[in-house]
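# Fold and contact review
Read off the chains here:
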Protein chains: 2
Amino acid sequence: MARQSFSEHEVEQRRAGILEAAMTLFESGGLEAVSFRKVAAVLGCSYAAPYRYFPGKDALLVAMRAQAFRWMEREMLAAIRPQDPPRQRLRSLAEAFIRAGVGRPQRYALMFFGLTEGAGGPRSLELAAAKRDALDVCTRTVEAAQAAGELKLAVDPLTASHLFWAGAHGLVSLEVAGQLVMGRSLDELVPPMVRTLMQGLEDPQGLLLRQGRS
Amino acid sequence: MARQSFSEHEVEQRRAGILEAAMTLFESGGLEAVSFRKVAAVLGCSYAAPYRYFPGKDALLVAMRAQAFRWMEREMLAAIRPQDPPRQRLRSLAEAFIRAGVGRPQRYALMFFGLTEGAGGPRSLELAAAKRDALDVCTRTVEAAQAAGELKLAVDPLTASHLFWAGAHGLVSLEVAGQLVMGRSLDELVPPMVRTLMQGLEDPQGLLLRQGRS
DNA sequence: TGGATAAAGTTGACAGTATTAATTTAATAG
DNA sequence: CTATTAAATTAATACTGTCAACTTTATCCA
């Protein structure tokens, strides 16, 4: 006796459409270029229509951030080749993270510079999952290297992957924000950073066993 | 034959007043609580008056960021006691940075999460100087440790201080943004991070000379 | 002392924004 | 065909940054 509600799939499709439009605006003009009204204009609907699929702008931004984390996860996964030794995979991972972030500074800023965490609505579960999955790529790689005996950690693998993640993020973050002193390009800093992270994670005995280096 | 312009000092005083009002608003309600109109309301002037001292909101935010960097510089300087050995000073520096940032997450976010760098107006020179001075505290401490023979760097001191800075920032940044996996408190991560940074910066030979360990 | 002058400050206006409420459209079940 | 109701649109409110026109006011000079 009434108009049938949209199926879950249809709703998801509309959400995806809104998200895509928002992302397109974001890529071309940064956060300032993202507004419900512009999104609606791109989609050809009225400016209040998206409210049916996102309770507010915060929710839209959260979804955008989750998407950015998914992208980063893909970038990292694409960089680690199974045939490489675990230690090399860890290096590739760090390099991929850094280069992806620096290559798309706006997207990277969207990921990490979200100041309003948004009180954890139902949709921030998706964001949390996206973050966890991205970090998991890192954690698994660290664990694999340790399991293969190629990495002697001075701390537990989870802590190690957090430190690894934090170090890589710190470097990208500073570069993206233009904080690195002029004249020092990222190419100068990436290799020492990766080496510092790898080396710093290991206990001295591990270093001794393999005579240091790399 | 005309009303005398304000002296440089008077202008600076008004700028400082606006800045202070903006900071107060920021501390209590985040970036959303900062607007020219609210600042003016606090100061008791009309909403367009601040435009005489800041060309726009971006310029105001830049000045706020510079002030935050100056604060961080003071925090770090207060933490390094001259009587401590250089190595200990470096550790204290890192701890101070991390604890200051985590203790005031909003202010920290203001420092590093400024997405709009603002095309470098005349006032962003002050921001650049504030950033440089803060980083210099770190660089000088690293150099002192190296000069005292207490730190055998694997890279040049400037690169080392950048890595140090990046690592500390990465950790704080993740904590502030709530990216660290739940259950892992900062107290768990700070000591390993500091050790990782210190250890990672050193060349293997230096480690050998002092038998490893921090 | 009495304008003239120009800086400092105020007000009004415009274009945008997020968000909510009221309204309209349209599909479908009976 | 009609009642129902989800979806979409429109109207409206309360903000925002920014600029232009206007008013106030302190000073200098005649």
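What you are looking at is a predicted structure, and each value in this text was computed from that prediction instead of being measured.

Attention now goes to the UniProt feature "DNA-binding region" (unreviewed entry) in chain A. Those residues carrying the UniProt feature "DNA-binding region" (unreviewed entry) are residues 35–54 of chain A in this numbering. From the first C-alpha to the last, residues 35–54 of chain A spans 12 Å; its make-up is 40% helix and 0% strand.

Residue position: Arg87 of chain B is located in helix 4 (residues 86–103). Within the local environment of Arg87 of chain B, its side chain forms a polar contact with the backbone oxygen of Glu150 of chain B, the two atoms lying 2.8 Å apart.

Attention shifts here to the side chain of Arg107 of chain A. By the secondary structure assignment, Arg107 of chain A is in helix 5 (residues 105–112). In this structure Arg107 of chain A touches Phe26, Glu27, Ala68 and Trp71 of chain A, once residues within four positions along its chain are discounted.

Attention shifts here to the packing of helix 3 (residues 57–79) of chain B against helix 4 of chain B. All names here are of chain B. Remark: helix 3 packs on helix 4, axes separated minimally by 8 Å, with the N-to-C direction vectors making an angle of 140 degrees. By the angle between their directions, the pair helix 3 and helix 4 is classed as oblique. The element helix 3 and its partner helix 4 pack so that their crossing is right-handed. Along its contact with helix 3, which presents Trp71, Met72, Glu75, Met76 and Ala79, the element helix 4 presents Ser92, Leu93, Ala96, Phe97, Ala100 and Gly101.

Right, let's talk about the nonpolar core for a bit. Nonpolar side chains in soluble globular proteins generally cluster together in the buried interior. By size, the foremost hydrophobic cluster in this structure holds 132 residues, and its most contacted members are Met64, Phe97 and Trp165 of chain A together with Met64, Phe97 and Trp165 of chain B. Beyond its immediate chain neighbours, meaning those up to four positions away, Trp165 of chain B contacts Leu174 of chain A together with Phe69, Met76, Phe97, Phe112, Ala134, Leu135 and Cys138 of chain B.

Between the first and last C-alpha of helix 6 (residues 124–147) of chain B there are 33 Å, a value that for 24 residues agrees with the 34 Å anticipated at 1.5 Å per step. In the stretch just after helix 6 of chain B, Gly149 of chain B is the one whose phi turns positive, near 75 degrees.

Residue and element names in this part refer to chain A. Helix 7 (residues 157–176) packs onto helix 5 with a crossing angle of 125 degrees between their chain directions and a minimal axis gap of 10 Å. Here helix 5 lies oblique to helix 7, going by the angle between them. Crossing handedness for the pair helix 5 and helix 7: left-handed. Residues Pro105, Tyr108 and Phe112 of helix 5 pack against Trp165, His169, Val172, Ser173 and Val176 of helix 7. The residue makeup of the contact of helix 5 with helix 7, split by class, is 6 nonpolar, 2 polar and no charged.

What counts as what
Residues numbered from 1 in each chain as written. Chains lettered and ligands numbered in written order. Predicted model: local features only at pLDDT ≥ 70, side-chain atom pairs only at ≥ 80, totals over all residues. Heavy atoms only, no water. UniProt positions renumbered as here; feature names shortened; annotations may be inferred. Helix = DSSP H or I, 4+ residues; strand = E, 2+ residues; numbered from the N terminus. Polar contact = N/O pair within 3.5 Å; in protein donor to acceptor, adjacent residues only side chain to side chain. Contact = heavy atoms within 4.5 Å. Axes fitted to C-alpha atoms, helices over the stretch in contact; angles between N-to-C directions. Parallel < 35°, antiparallel > 145°, perpendicular 65-115°, else oblique. Left-handed = near helix turned anticlockwise from the far one by under 90°. Core = buried A, V, L, I, M, F, W, Y, C linked by side-chain atoms within 4.5 Å. Buried < 20%, exposed > 50% of the residue type's maximum accessible area, 1.4 Å probe, protein only. Expected span 1.5 Å × (residues − 1). Nonpolar A, V, L, I, M, F, W, Y, C, P; charged D, E, K, R; others polar.

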